[in-house]
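Architecture at a glance
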Amino acid sequence: MINSNSECKLIKNGFVMNPDAETIPCCTGEFKEFEFENWDEKRQSEIQLYDLSKNDWIDECNRCRVSEIATGTSARYVESQLLHSVEDDDYNIKTAIINGSNTCNLMCRMCGPAISTRWAQLVKSSSFNDYYHIDESDQKNRKVLVDGSHTLPYLKEHVLTNDLLRLILAGGEPLLIRWYEDIIDHMMINNYTENLDLAMTTNGTLRFNDKWQSIYKSLKTSSIGFSIDGVKDGFDYIRPGHRWSKLKDVVEHTHMIFKDHLQVNIQYAYVSQALNVHTYWSDKEYLVKWFKSFNRQHDCEWEDNINILFDAPYLSYSVISHDLRKKYKIEHISTDFEYSDDLFKKFMQQMAWQDVAHTTSLFDHNPDFFDTAYYAEELINEYYLVINKEGVIND
């Protein structure tokens, strides 16, 4: 079992691969990235960090520390339930997240070109460099598609083994990443799925095809997580290219096709951020009630399905003024986020050019961001400066 409040076996038994084929031990911590060619160096570094985590929180794990203070849970806490019986000297990969490509059909506002081809197409073709902070040469040379399928031999050797207990396929959008089927074929051919918990996080734009339905129905335990960061109009704003009505259709259809396979856990994955902070409590009520209505005997509680956004600081709680935090009653989860005028300025610039690109309106989404009771007028005007400069274009 975990013998201290900071120990994390994910550091030694976890694996995450990003679309550019760089690898780290978990998706939450801020760890040094390694290529597969440096596998031995990577493992040595991670084992040393694991030993340090037994004594106190290490800097790399600060996000889990903050999350546990704010919500009572974290990636470390969740994975500890899977890894608690793993011996201290067992360094095999037990849980893996594979982001095998940036192939994606959406342009979610907290995302970017590294994990979405739609985003990459927008950045490569647009004039928004000042607001996305890329220079002209980078724009011209940027690849739209980033794909890690060439790493499959390395994955088979180091990760996709009989020691693997949990495999999470993410993206991009996993249902659009064809080589994921090769991963599952490898696991099944070698009888590595006997004790495997397969999970997939999907954006809910696509129904599961016959092969994926067959795969899920054959496993003892598995889960499907739908990325849902808002409800109704709030969802549509945060996830350009998608519609709430389409998401509901896909979620309901997924429940129907697996209604006789209750071992398939159907969940939601909610990223709490500046853009949904005003609907935090109503979103919680709606999503918990909706997913509990499926009666799938799995835990649909909020704390098990929420993540706090860190990776894009200008979209984090750091842009929520102290008075708004009180209004929204989110002080308890925003304590470790220091408000920043500079980040709010960037937030307004970013939302402005995205509103131009998607013909949407941040004001309609949440007028509090334009209220001088909460923000200085010169900061609010940053939004209009971009709008007036860029004009209006369509997706």
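Overview of the nonpolar core
- With 98 residues, the main nonpolar core has Leu167, Trp212 and Phe347 as its most contacted residues.
- With near-sequence residues (within four places) excluded, Phe347 lies in contact with Ala274, Leu275, Tyr314, Leu315, Val319, Leu362 and Phe369.
- Counting 17 residues, the second largest nonpolar core, distinct from the first, contains Leu49, Cys61, Ala170 and Ala199.

Examining the sheet that holds strand E8 (residues 306–308)
- A sheet is described by the order of its strands in space; here 8 strands give the open sequence E2-E1-E3-E4-E5-E6-E7-E8, paired in mixed fashion. Strand pairing shows two members of the sheet lacking a second neighbour, strand E2 (23–24) and E8, which therefore form its edges.
- Both strand E1 (residues 14–17) and strand E3 (residues 95–99) contribute to a ladder of 4 bridges, which runs parallel. Within E3, the position partnered with Gly14 by the bridge is Thr95.
- Sheet strands in contact with helix H9 (residues 180–189) are E3, strand E4 (166–170) and strand E5 (197–202), and its direction is about 165° off that of E4.
- Against the sheet, helix H13 (residues 280–292) engages strand E7 (264–272) and E8, with an angle of about 175° to E7.

Focus on the pattern of salt bridges
- One pass over the full model with this rule turns up 22 salt bridges.
- The salt bridge involving Glu194 is made with Lys220; its shortest N-O contact spans 2.7 Å. Of the two residues, Glu194 sits in the loop between H9 and E5 while Lys220 sits in the loop between helix H10 (210–218) and strand E6 (221–227), which places them 26 residues apart along the sequence.
- Taking relative accessible area as the criterion, Lys220 reaches 56% and is therefore assigned exposed.
- Through salt bridges with shared partners, a single network forms among Glu30, Arg63 and Asp311.

Concerning helix H5 (residues 117–125)
- For H5, the complete set of buried residues consists of Thr117, Trp119, Ala120, Leu122 and Val123.
- The backbone nitrogen of Arg118 lies 3.4 Å from a side-chain oxygen of the residue at the head of H5, namely Ser116.

A few points about the pairing of E6
- Burial of E6 is extensive: 6 of the 7 residues sit out of reach of the surface.
- Direction of pairing for E5 relative to E6: parallel, over a ladder of 6 bridges. Its bridge partner lying in E6, Thr202 is registered against Phe226.
- Across 6 bridges, the pairing between E6 and E7 is parallel. Within E7, the position partnered with Ser222 by the bridge is Val264.

As for the layout of surface pockets
- By volume, the second largest pocket amounts to about 170 Å³.
- For the second largest pocket, the full set of lining residues is Glu30, Asn62, Arg63, Val66, Phe310, Pro313, Ser316, Ser318, Asp336, Phe337 and Glu338.
- A breakdown of the residues in the lining of the second largest pocket according to their chemical character gives 4 nonpolar, 3 polar and 4 charged.

Digging into the packing of aromatic side chains
- By the definition in use, this model includes 33 aromatic pairs.
- Plain terms: the ring middles of Phe369 and Tyr375 are 6.3 Å apart, the flat faces sit at 40° to each other, and that makes the pair tilted.
- Among the residues examined, Phe369 registers a relative accessible area of 0% and is labelled buried.
- Overall, the relative accessible area of 2% leaves Tyr375 in the buried class.
- An angle of 55° between the planes, with centres 5.8 Å apart, marks the rings of Phe370 and Tyr384 as tilted. Here the residue Phe370 occupies a position in the loop between helix H17 (362–365) and helix H18 (377–390), and Tyr384 occupies one in helix H18, the gap between them amounting to 14 residues.
- Residue classification places Phe370 among the buried residues on the basis of a relative accessible area of 11%.
- Over the aromatic face of Tyr50 sits the side chain of Lys12, whose NZ or CZ is 5.4 Å from the ring centroid.
- Over the ring of Trp290 we find Lys248; its NZ or CZ atom is 5.5 Å from the centre of that ring.

So, helix H2 (residues 39–53)
- Taking 1.5 Å as the rise per residue, H2 with 15 residues should run 21 Å; its terminal C-alpha atoms sit 21 Å apart, in good agreement.
- Taken together, the buried positions of H2 are Trp39, Lys42, Arg43, Glu46, Ile47, Leu49, Tyr50 and Ser53. Projection of H2 onto a plane perpendicular to its axis shows the buried side chains occupying an angular sector of 165°, all on one side. Relative to its buried face, H2 has exposed residues pointing more than 90 degrees away, namely Asp40 and Gln44.
- Of the surrounding secondary structure, the elements contacted by the buried residues of H2 are helix H1 (10–13), E1, E2 and helix H8 (152–158).

Calculation notes
- Residues numbered from 1 in each chain as written.
- Predicted model: local features only at pLDDT ≥ 70, side-chain atom pairs only at ≥ 80, totals over all residues.
- Heavy atoms only, no water.
- Core = buried A, V, L, I, M, F, W, Y, C linked by side-chain atoms within 4.5 Å.
- Buried < 20%, exposed > 50% of the residue type's maximum accessible area, 1.4 Å probe, protein only.
- Contact = heavy atoms within 4.5 Å.
- Pairing = 2+ DSSP bridges.
- Helix = DSSP H or I, 4+ residues; strand = E, 2+ residues; numbered from the N terminus.
- Axes fitted to C-alpha atoms, helices over the stretch in contact; angles between N-to-C directions.
- Salt bridge = Lys/Arg side-chain N within 4 Å of Asp/Glu carboxyl O.
- Polar contact = N/O pair within 3.5 Å; in protein donor to acceptor, adjacent residues only side chain to side chain.
- 1 Å grid on protein atoms, 1.4 Å probe; cavity = no way out; pocket = protein on both sides within 12 Å on 5 of 7 lines; lining within 4 Å.
- Points joined across faces, edges and corners; volume = space filled by probe spheres on them.
- Nonpolar A, V, L, I, M, F, W, Y, C, P; charged D, E, K, R; others polar.
- Phe/Tyr/Trp six-rings, centres within 6.5 Å; stacked < 30°, edge-to-face > 60°.
- Lys NZ or Arg CZ within 6 Å of the ring centre and 35° of its normal.
- Expected span 1.5 Å × (residues − 1).
- Arc of directions from axis to C-beta.

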